[in-house]
Amino acid sequence: MPRYSAFMYSAALSVAVVAAPPAFADVTPQQVWDDIEAYMTSFGYEVAGTETLSGSTLSVKDMVLTMDIPDGEGVLSFSAADVVLEDAGNGSVRVSFPADMPITLNMTEVPDGEPFDLTIDYTQDGLEMIVSGTPGDLTYDYTANSLGMRLTELVVDGEVLGRDVARADISLTDISGNAQVTVADIRTISQVLKAASVDYDIAFNDPEAEGSALFAGSMAGLLFEGSTSIPLDMNPEDMPAMLAAGFAVDGTFGHSGGSGSFAVTEDGEVTTGRTSSGSGTLQVTMNADALAYSGRTTDVEMSMTGGELPFPVETAMSETAINLTLPTSKGDEPSDVAFGVNLAGFTMSDMLWNIFDPGKALPRDPATLAFDLTGKVKMLVELMDAEQMAMMDRENTLPAEPQSLTLSGLLVEAIGARLTGEGSFTFDNTDLETFDGMPRPTGTLNLTLDGANAVLDRLIAAGLMKQQDAMGARMMLSMFAVAGSGEDQLKSTLEINESGQILANGQRIR
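Since the structure is predicted, the reported quantities are computational estimates derived from the model, not experimental observations. (Residues numbered from 1 in each chain as written. Predicted model: local features only at pLDDT ≥ 70, side-chain atom pairs only at ≥ 80, totals over all residues. Heavy atoms only, no water.)

### Let's talk about the overall build of the protein
For step 1, the next point in the chain: In terms of regular secondary structure, the protein is built from eight helices and 27 strands.
For step 2, the next point in the chain: Overall size of the protein, expressed as C-alpha extent along the three principal axes, is 90 × 55 × 45 Å.
For step 3, the next point in the chain: Each of the 510 residues in the protein was classed as buried or not, and the buried ones make up 37%.
For step 4, the next point in the chain: If you take every contact in the protein between residues at least 6 apart in sequence, the share linking residues at least 24 apart comes to 57%.
For step 5, the next point in the chain: Roughly 25,800 Å² of accessible area belongs to the protein as shown, and the carbon and sulfur atoms make up 54% of that amount.
For step 6, the next point in the chain: Separation between the mean location of the 24 positive side-chain charges and that of the 75 negative ones in the protein comes to 11 Å. (Helix = DSSP H or I, 4+ residues; strand = E, 2+ residues; numbered from the N terminus. Buried < 20%, exposed > 50% of the residue type's maximum accessible area, 1.4 Å probe, protein only. Contact = heavy atoms within 4.5 Å. Areas by Shrake-Rupley, 256 points an atom, 1.4 Å probe, with all protein chains shown as cover. Lys, Arg positive; Asp, Glu negative; His and termini not counted. Charge placed at Lys NZ, Arg CZ, Asp CG, Glu CD.)

Right, here's the structure in full:
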């Protein structure tokens with residue numbers, strides 16, 4: 001990850017992650033601090049502070065972690081007035097932090113923007129941390145009443161902006177966790193973090209543009225479990241090399257439910273809304289093979305009113321889920337790719353339905369869209385190399401050659417109709433002529449559509465379609481589909497053969 005991303009990860013999630021994730025010793029506070037310093041330096045930070053050893057207690061006053069933003073665009077720093085490491089007995093070390101620790105970001109060069117300086121106060125109440133174990137295998141146990149971040153100063157192009165123009169407050173409560181750090185050829189951090197809740201309040205106001213935005217809300221039952229592998233010697237600005245050396249992240253974040261509200265003002269018109277959800281999870285994995293995300297949230301509800309909306313909007317979904325997998329490294333062998341979506345149980349208020357279907361001709365059952373795509377590609381560049389990816393974009397060239405693609409679990413369900421399907425294709429990257437620059441696919445797609453004719457009849461009844469239009473739609477369906485075994489069921493087999501011909505149910509259409 002870029003150095004500033006790693007820094008913000010360390011500074012923002014918890015004080016424990018700022019100071020704890022490195023490999024520490026088990027005997028003296030000095031050894032603990034030495035390893036903290038070595039860990040932060042490995043990420044490219046400059047560590048400063050005045051060390052004072054008194055008996056078995058080490059005090060590091062005016063501690064500052066500083067790093068330059070890449071390309072000379074600015075400087076990021078984290079400060080703590082006094083970090084105290086003391087022998088807690090029984091082979092453990094107690095680490096104490098001040099209640100207030102400022103984070104400053106000074107951006108002197110901002111592409112397409114103005115230079116700015118900001119200060120965020122990183123606060124803690126009741127943070128207790130105990131480090132135990134043996135050198136190369138340390139465990140950090142910590143608890144805190146609260147951890148918070150508060151935007152205290154923002155200066156844009158020399159102008160000081162008060163909290164009436166910009167504010168941001170984030171607070172976690174009732175925190176507990178532990179991190180186990182082992183060091184051999186590579187540093188490995190395995191950690192668990194729990195918090196009873198997180199609250200946020202973020203607002204921006206632009207008097208000149210007569211615009212503003214407010215976002216506030218909370219989540220309960222937070223849980224993070226994950227592991228990170230960090231090479232002992234690495235260049236934080238060379239992600240491909242870091243991944244090749246063993247850098248890896250695997251973490252899962254979850255919560256038991258949340259709610260929020262927002263208000264956006266534009267050109268004097270105010271749009272307000274509320275959101276809520278049940279439990280949710282987000283998993284992130286990155287290593288030399290792949291970058292993968294997967295997220296799932298249940299019982300999502302949203303309501304909006306005002307602005308250009310002529311009426312209140314209310315929608316809900318029983319589940320939303322998405323997954324994405326991309327290969328990270330260039331290679332001669334095909335790598336896995338995946339993309340999946342599940343938007344299940346979508347409903348909307350009768351007020352919305354009544355706009356186009358006041359007679360209730362259409363079923364108002366929950367709608368669903370779901371599919372899973374998996375396949376193989378051959379990466380032509382390093383995914384995490386920004387320069388290589390930018391070059392591919394300039395040349396309008398894909399960063400990978402598709403090898404195969406499989407569709408499974410296709411489900412589209414709405415207004416009384418149901419579409420399902422599955423299929424698989426392979427690609428010939430030596431033939432870019434048959435399909436106008438796209439590698440020639442070969443394979444089959446099987447589709448089943450239930451309730452199509454009934455939907456057309458209902459659209460006519462609702463006044464949304466004319467008889468002649470419905471007739472044209474039925475004729476189009478008959479060109480691509482044949483009657484299935486069920487009532488009002490159509491089936492279609494679409495095939496692309498090795499000659500580049502496209503066939504529908506055995507009939508050539510291209």
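### Focus: the pairing of strand S4 (residues 92–96)
For step 1, the next point in the chain: In the sheet, strand S3 (residues 74–89) pairs with S4 via five bridges, with the strands oriented antiparallel. Residue pairing in the sheet places Val84 in a bridge with Ser96 of S4.
For step 2, the next point in the chain: A loop of two residues connects S3 with S4, the two strands running antiparallel in sequence, and Asn90 in this loop sits at a positive phi of about 45 degrees.
For step 3, the next point in the chain: Inspection of the sheet shows S4 paired to strand S7 (residues 128–134) by three bridges, in the antiparallel sense. When the sheet's bridge partners are listed, Val93 is paired in S7 with Val131. (Pairing = 2+ DSSP bridges.)

### What to know about the nonpolar core
For step 1, the next point in the chain: Formed by 63 residues in total, the largest nonpolar core has its most connected members in Trp33, Met63, Leu85, Val95 and Ile175.
For step 2, the next point in the chain: If one sorts the elements of this core by residue count, strand S8 (residues 137–156) sits on top with eight residues.
For step 3, the next point in the chain: Sequence-distant contacts of Val95, defined by excluding residues within four places in its chain, comprise Val83, Val84, Leu85, Met129 and Val131.
For step 4, the next point in the chain: Core analysis: the next-biggest nonpolar cluster, separate from the first, contains nine residues, Val341, Phe371, Phe425 and Phe435 among them. (Core = buried A, V, L, I, M, F, W, Y, C linked by side-chain atoms within 4.5 Å.)

### Structural notes on the environment of Asn342
For step 1, the next point in the chain: Mapped onto the fold, Asn342 is located in strand S19 (residues 335–348).
For step 2, the next point in the chain: Sequence spacing of Asn342 and Asp250 is 92 residues, and the spatial spacing of their C-alpha atoms is 23 Å.
For step 3, the next point in the chain: Aside from chain neighbours lying at most four places away, what touches Asn342 is Glu319, Thr320, Ala321, Thr368, Leu369 and Ala370.

### Section: the pattern of salt bridges
For step 1, the next point in the chain: For the structure on display, the rule yields twelve salt bridges.
For step 2, the next point in the chain: Between Arg296 and Glu319 there is a salt bridge, with its nearest N and O atoms 2.9 Å apart. Taken as a pair, Arg296 in strand S17 (residues 290–306) and Glu319 in strand S18 (residues 313–327) lie far apart in primary sequence, 23 residues in all.
For step 3, the next point in the chain: Look at the salt bridges and you will find they share partners, linking Arg150, Arg163 and Asp169 into a network. (Salt bridge = Lys/Arg side-chain N within 4 Å of Asp/Glu carboxyl O.)

### Considering the side chain of Asp121
For step 1, the next point in the chain: Looking at the secondary structure, you find Asp121 in strand S6 (residues 116–125).
For step 2, the next point in the chain: What Asp121 contacts, discounting residues up to four positions off in sequence, is Asp100, Met101, Pro102, Gly148, Met149, Arg150 and Thr152.

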